[in-house]
2 protein chains.
Amino acid sequence: MPKVSHASSLREFPLNRAFTWFESGPVLLIGTSWKGKPNAMTISCHMSMGFTPLLGCMLGPWNHTYEILRNTRKCVVSVPGADLMEIAVDIGNCSGESMDKFAHFGLTYRPGEETGAPMIEECLASLECKVIKIPPRGGPYMFILEGIRAWHNPDRREKRTFHARGDGFFIIDGETLNLRDRMTKWQDCI
Amino acid sequence: MPKVSHASSLREFPLNRAFTWFESGPVLLIGTSWKGKPNAMTISCHMSMGFTPLLGCMLGPWNHTYEILRNTRKCVVSVPGADLMEIAVDIGNCSGESMDKFAHFGLTYRPGEETGAPMIEECLASLECKVIKIPPRGGPYMFILEGIRAWHNPDRREKRTFHARGDGFFIIDGETLNLRDRMTKWQDCI
């Protein structure tokens, strides 16, 4: 059985700062709930489309999550730390159609307050989202998600995210530099 | 005067592997040419939309490049290494409307063979693109670019890219791990 969190470590986070989790392009997990069963998929092709926050995500009929998202119009986008890299890759290489990924990978989740979709406790952060644009049946297969409530897990020791290079290689975050003083044109965004 | 490259270090690169430059979400430069003047802008909100390669990019009327892209339908997407981080941030905090960025920042370029748009010699790679979808005037302001010819500069010592976190902080690539053996479902993509 998947583990539902009874003593959640998730804490609310300012919604208008959640875009900072995504703009760097890390690997993300998209959690959904359908007929009482939680599922998660891995995604690397996404982009920040606005500070609301808005997130564009490429996922198509070849993903089990595709029809679920079209039906439920709700999901949770979670940010795995580098300690979850192998699990996140494995989640992306099996299908929720034939297995219970939460049980298989031993992940704990808390149902989203707004969405009922699974917020993964082991991740750094989770954004509850509604789907505001579904793709046409013929593609291009871009969903637009709007964040409606943001959560983070301040207890995670591993703060680094990781990025898919697209060829089976993955890049872990290295040094982070503060260049706020140079962002003269974009003061509203920092 | 901007420096046009006479002894270019750029070498051709397989077009169908160029998606590997973008999927990790690094900061990119978009080079355009309009009325004989080269320009570049910095972008962090983009995503890989296909292996052609296809790239979705958020840029709107507040960017000088917006009207140029609508008019010329051509550009070059260049990948700066971490050694160009400060210049790339500064390029994103001034406008080509009022200055010659190539001259100001001392960048060298080679006009694209297919596009005439500037391929920045100091970058790791440059992808010549045609614009295959321009956004509606009211937004959302997403252009879709299709790569038509790919170039890289194998002479650059600094191979790491960098990523915008969206709050004035920038993350340099750290350790890269090979997880190809786990990519059982996506063998076509590696």
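The model shown is predicted, which means the values in this text are computed figures rather than measured ones.

A.B. asks: Looking at this structure, how should I read the relation of the copies chain B and chain A?
C.D. replies: Each of the two chain copies goes to the other by way of a rotation about an axis and a shift along it. When chain B is fitted onto chain A, the two copies agree to an RMSD of 0.0 Å after a turn of 180° and an axial shift of 0.0 Å. The transformation just described matches what one would write down for a two-fold rotation axis. Of the C-alpha atoms belonging to chain B, the one lying closest to the rotation axis is found on Gly-174 of chain B, 1.8 Å away. In this assembly the copies share their binding face: 100% of the residues contributing to the interface of chain B also contribute to that of chain A.

A.B. asks: Teacher, can you tell me more about the interface of chain B and chain A here?
C.D. replies: Where interface size is quoted, it is often the accessible area lost as the parts come together. Residue-level contacts link 51 residues of chain B with 52 residues of chain A. When chain B packs against chain A, the two sides together hide about 4700 Å² of surface, and 57% of this comes from carbon and sulfur. On inspection of chain B and its partner chain A, the count reaches 4 salt bridges. The closest approach of N and O atoms between Arg-182 of chain B and Glu-86 of chain A, which form a salt bridge, is 3.4 Å. Scanning the region where chain B abuts chain A turns up 28 residue pairs in polar contact (both at pLDDT 80 or more).

A.B. asks: Explanation requested: the pattern of salt bridges in the structure shown.
C.D. replies: Across all of its chains, the model carries 18 salt bridges over all chains by this definition. For Glu-12 of chain B, the salt bridge identified is with Arg-149 of chain B, shortest N-O distance 2.8 Å. Of the two residues, Glu-12 of chain B sits in strand S2 (residues 11–13) while Arg-149 of chain B sits in strand S11 (residues 142–152), which places them 137 residues apart along the sequence. On the basis of relative accessible area, Glu-12 of chain B is assigned to the partly exposed category, the value being 46%. Connected via shared salt-bridge partners are Glu-12, Glu-114 and Arg-149 of chain A.

A.B. asks: Teacher, can you tell me more about unusual backbone geometry here?
C.D. replies: Excluding glycine, residues mostly have negative phi values, and the peptide bonds linking residues are mostly trans. A cis amide bond links Thr-52 of chain B with the next residue in sequence, Pro-53 of chain B, at an omega value of 10°. With respect to the helices and strands, Pro-53 of chain B occurs in the loop between strand S5 (46–50) and strand S6 (54–58). Despite not being glycine, Lys-35 of chain A has its phi angle at roughly 55°, a positive value. Note that Lys-35 of chain A resides in the loop between strand S3 (28–34) and strand S4 (37–43). With relative accessibility at 74%, the residue Lys-35 of chain A sits in the exposed group.

How each quantity is defined
Within any chain, residue numbers begin from 1 and follow the written order of that chain's sequence. Key to labels: chains lettered from A, ligands numbered from 1, both in the order written. pLDDT decides what is reported in this predicted model: residues at 70 or higher carry local features, side-chain atom pairs at 80 or more are listed and counted, and totals for whole chains, interfaces and linings draw on all residues regardless. Values shown for side chains rest on all heavy atoms present in the structure; no hydrogens or waters enter the calculation. Least squares is the method used to superpose the copies, on C-alpha atoms of residues holding a pLDDT of at least 70 in both. Between two residues, a contact is recorded if the distance between any of their heavy atoms is within 4.5 Å. Defined here as a combined quantity, buried area equals the accessible surface (1.4 Å probe) lost by two parts on assembly, summed across both. The working definition used for a salt bridge is a side-chain nitrogen of Lys or Arg within 4 Å of a carboxyl oxygen of Asp or Glu. Pairs of N or O atoms are called polar contacts if they sit within 3.5 Å, as long as, within protein, a hydrogen donor faces a hydrogen acceptor (for residues adjacent in sequence, only side-chain-to-side-chain pairs). In this description a helix means any DSSP run of H or I spanning at least four residues, a strand means any run of E spanning at least two, and both kinds are numbered starting from the N terminus. Buried, partly exposed and exposed residues are distinguished by accessible area as a fraction of the type maximum, computed with a 1.4 Å probe on protein chains only: under 20%, between the cut-offs, and over 50%, respectively.

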